[in-house]
Amino acid sequence: MAISPACARVSLRCLRTACGVRQLSRFLLSFGFVLFLIWFALFHVTSPALASVVLETADRPDDDGTALRLMWRGDLAEGDSLVISRAAYPDTAFSPVATVDAMRAGYTDQGLSRKITYVYKVEAAGGRTVLSEPVSPSASFLNTSRLVMLAILALYFISVLIYIKLAAGGREFFVRRISGLNAMEEAIGRATEMGRPVLYVPGIDDLNNIQTIASMVILGDVARMTASYETPIVVPVCKPFVVPVAEEAVKQGFMNAGRPELYNPDNVRYLSDEQFAFTAGVNGIMLREKTAANIYMGSFFAESLILAETGFSTGAIQIAGTANIHQLPFFVAACDYALIGEELYAASAYLSKEPKLLGTLKASDVAKVIIMVLLTAGCIAESLGLTAFAELFTAR
Amino acid sequence: MTKYILIGVVIALMVFAVASGRLSGASFGTWIAAMLTLAIFSFLYKDNPIYKFAEHIFIGLSAGYFVALEYWNVFVPNLWNPLLESFRTVSPSGLMLLVPFALGLLLFARFFPKIAWLSRWSMAAMIGSYAGLAIIGALQGDLLAQIRANMIPFLSPGSLTGLKAAAGGNAFFFAILEVLRNPLIVIGLLVTLVYFFFSREHKGGLGAVSRVGVWFLMISFGASFGYTVMSRVSLLIGRLHFLMSDWLGIIH
């Protein structure tokens, strides 16, 4: 069969076209396959050493949604270290977070945002990597690990409220005599007889310390007594925020005594925030103003013995009270009377007869009885080898 | 007597250092520090103008230092800079900082008697937030931790076996102490708690138990006293070392 030249040309063109299409499709297939391989290698294939390693990410429970936990398990050798990197999904720009020992059970990444989804890359030596699934931290409404604390707080506050209600309703609560407090009037009386001022130091801590707040209540009562005896009172203060509260307490004390005109703003003096500068200043006041009664109530630290020793050397009657147990020995040794620990808080309730303070004191006594029962039960359980009960009280 | 000996020793060392020319190496700052240290030490003799001078410098400098410290470390990074930033970016959450800023300003109302009462709002906010924050820390760090730490077996494990093994030997006394350790901790804690019970007069049985609690307290205070005095002596040694090493150059 003869083929015309025109037909041959058309056939050749068709053949070329068919070949081009085939080549093109083959090229596209090959290119797609290469792209697939690159994508797979980047995101799904891990190195042989980490191929058997499983990386899991999870939200850290019982938190405010700012941390994620990473856990890995698998074929890892002792001495290996892992570089953990993080990226904000879907971004793949990883930035290193930490380098940890591969033998660790996991790592907690903190300081995250609840609004961001994260993806992690764990990299071993030689650039071998494994990627995590995208994950977001979430906040927990309730910290279940602190349920025991919540129960204790709830019980305590309920009992405080009940006792405050009872005290406010006129129920008389007995508070045992605290010997240091009875001595306070005696000390102020002596200062009056000698014509010298009374020194009241409310500790060196700020208002965030409950001892300072208790001290302010006692200061009000001491100021009332000094005003009724017309004896000057000097209150050196270490923290600026305590100054206005101390001024209010002294002013109120003078008003309660019916002698507001005796109040002198210079009674309350800010000296210095620095512990030993303050101590040096108080020592100077003791020596130069010759205070006859020194009352130290509040939170004291290393300056306690310096103050008490200087006061002792001047022959003043000294009464101290603090809940800082490491300083109590110095006050016990160098002062005439000492309020030990919680007696400081009880003193404020005893003096003021304020329903809120009395109610709190009574609730604290109830709490002490409960604690004693719990301690005894815990010791019996521990003696019998039952540790679960004590574990309930492990602080988390 | 001790203080006179101490002062005498310091003076003798100074004379020695001056005579031997060792003081020439001390810097101006070291000289100032050494002089102020000696001025404070002079209180051991009695109150005197030199001590008074050092005391006033100490108080004035520290007050000024703390103002600068609070301004640069608290006010500027925690309030001023974030506030300016939130104004710049018009961030409503950042503008919440205006609340503490206003409360801080209200504290200055104390300087104006007519509106002095306004400062009580700031004080109330401060004391309330401090108390709320402190209670969790105290409960978790102190109360719960101490309750847990004191839930121990009445007899420490192996103590009786140890006692039997040590019978007649040199370690017998320590084995007895080991047996007594846990009961003493538990009993001591319970009777001390009884001492801090304020709702009943401490008479009769309660009084007897609370007296035992006071003994436990006093014994622990004695131990604590001795331990702390040791640490205070180390502070004194540190200061004397500064004088003799940095200043006088007598020891290296």
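Note on numbering: residues in each chain are counted from 1, in written sequence order. The lettering of chains begins at A and the numbering of ligands begins at 1, in the order of writing. In keeping with the predicted nature of the model, local features appear solely for residues at pLDDT of at least 70, side-chain atom pairs appear and are counted solely at 80 or more, and the whole-chain, interface and lining totals rest on all residues. Where side-chain values are given, they derive from all heavy atoms of the structure, hydrogens and water being excluded.

Asks: Explain a nonpolar patch on the surface to me, please; I cannot follow it from the model alone.
Replies: All names here are of chain B. A cluster of nonpolar side chains, L105, F108, F111, F112, I115, W117 and W121, forms an exposed patch at the surface whose accessible area comes to about 840 Å². Positionally, F108 belongs in the loop between helix 4 (98-107) and helix 5 (119-150). Under the relative-accessibility criterion, F108 is labelled partly exposed at 49%. What goes into a patch is any residue over 30% in relative accessible area without a salt bridge, connected to like charges within 9 Å or, for nonpolar side chains (Val, Leu, Ile, Met, Phe, Trp, Tyr), within 5 Å. Calculation of accessible area relied on Shrake-Rupley with a 1.4 Å probe; when residues are assessed, cover is drawn exclusively from the protein chains displayed. Salt bridges are defined as contacts in which a side-chain nitrogen from Lys or Arg sits within 4 Å of a carboxyl oxygen from Asp or Glu. Strands are runs of DSSP state E lasting at least two residues, helices are runs of H or I lasting at least four, and both sets are numbered from the N terminus onward. Under the scheme applied here, a residue whose accessible area is under 20% of the maximum for its type counts as buried, over 50% as exposed, and between as partly exposed, the area being computed with a 1.4 Å probe on protein chains only.

Asks: When you look at helix 5 (residues 210-229) of chain A in this model, what are you seeing that I'm missing?
Replies: In an α-helix, one full turn covers 3.6 residues, which means residues spaced three or four apart are oriented alike. Residues and elements named next belong to chain A. To estimate how far a helix should extend, the number of its residues minus one is multiplied by 1.5 Å. Compared with an ideal rise of 1.5 Å per residue, which puts 20 residues at 28 Å, helix 5 spans 29 Å between its outermost C-alpha atoms and is within 8% of the ideal. Burial analysis of helix 5 places 14 of its 20 residues in the buried class, the great majority of the element. Pairs of N or O atoms are called polar contacts if they sit within 3.5 Å, as long as, within protein, a hydrogen donor faces a hydrogen acceptor (for residues adjacent in sequence, only side-chain-to-side-chain pairs). Near the N-terminus of helix 5, the side chain that reaches the backbone nitrogen of Q211, with its oxygen 2.9 Å away, is that of N209. Positive backbone phi, approximately 60°, marks E230, located one or two places after helix 5.

Asks: What should I look at first to understand the domain arrangement of chain A in this one?
Replies: Much of the literature gives interface size as the accessible area that the parts lose upon coming together. The domain architecture assigned to chain A consists of domain 1 (48-131) and domain 2 (173-353). Of note, the centres of domain 1 of chain A and domain 2 of chain A, computed from C-alpha atoms alone, are 56 Å apart. Marked domain ranges trace back to an automatic or database domain assignment.

Asks: Where do I start with the nonpolar core in this structure?
Replies: Residues and elements named next belong to chain A. Buried residues of nine kinds, namely Ala, Val, Leu, Ile, Met, Phe, Trp, Tyr and Cys, make up a nonpolar core once their side-chain atoms join them within 4.5 Å. Membership of the largest hydrophobic core comes to 57 residues, with the highest contact counts inside it found for M184, Y200, L219, V250 and M297. Here this core takes eight residues from helix 5, the largest share from any one element. Contact between two residues is taken to exist if any of their heavy atoms lie within 4.5 Å; hydrogens are not considered. Apart from the residues within four sequence positions on either side, M297 is in contact with M184, Y200, V201, P202, G203, S215, I218, I319, A320, G321, L339 and L344. In terms of nonpolar packing, the next biggest core, distinct from the first, is built from 19 residues, L68, L70, A102 and V135 among them.

Asks: What should I look at first to understand the sheet that holds strand 3 (residues 81-88) of chain A in this one?
Replies: Residues and elements named next belong to chain A. Read across the open sheet, the four strands follow the order 4-3-6-7; overall the sheet is antiparallel. Strands with a single pairing partner mark the edges of an open sheet, and in this sheet they are strand 4 (95-101) and strand 7 (129-131). Sheet twist, expressed as the average angle between the axes of neighbouring strands with direction ignored, equals 25°. Any two strands with at least two DSSP-identified bridges between them are counted as paired. Lines fitted to C-alpha atoms define the axes here, with helix axes fitted over just the stretch in contact, and angles between the N-to-C directions of these axes take values from 0 to 180 degrees.

Asks: Looking at this structure, I do not really get the packing of aromatic side chains. What am I missing?
Replies: Two aromatic rings are characterised by how far apart their centres lie and by the angle between their planes. Residues and elements named next belong to chain B. Note on ring pairs: Phe, Tyr and Trp rings are taken, using the six-membered ring of Trp, and paired if centres are within 6.5 Å. Classes follow the plane angle, with under 30 degrees stacked, over 60 edge-to-face and the rest tilted. Scanning the entire structure with this criterion turns up 19 aromatic pairs over all chains. When the centroid spacing of 5.4 Å and the interplanar angle of 90° are considered together, the rings of W31 and W247 count as edge-to-face. Residue W31 is located in helix 2 (residues 28-41), and its partner W247 is located in helix 8 (residues 204-247); the two are separated by 216 residues in the primary sequence. The partly exposed category is assigned to W31, whose relative accessible area is 30%.

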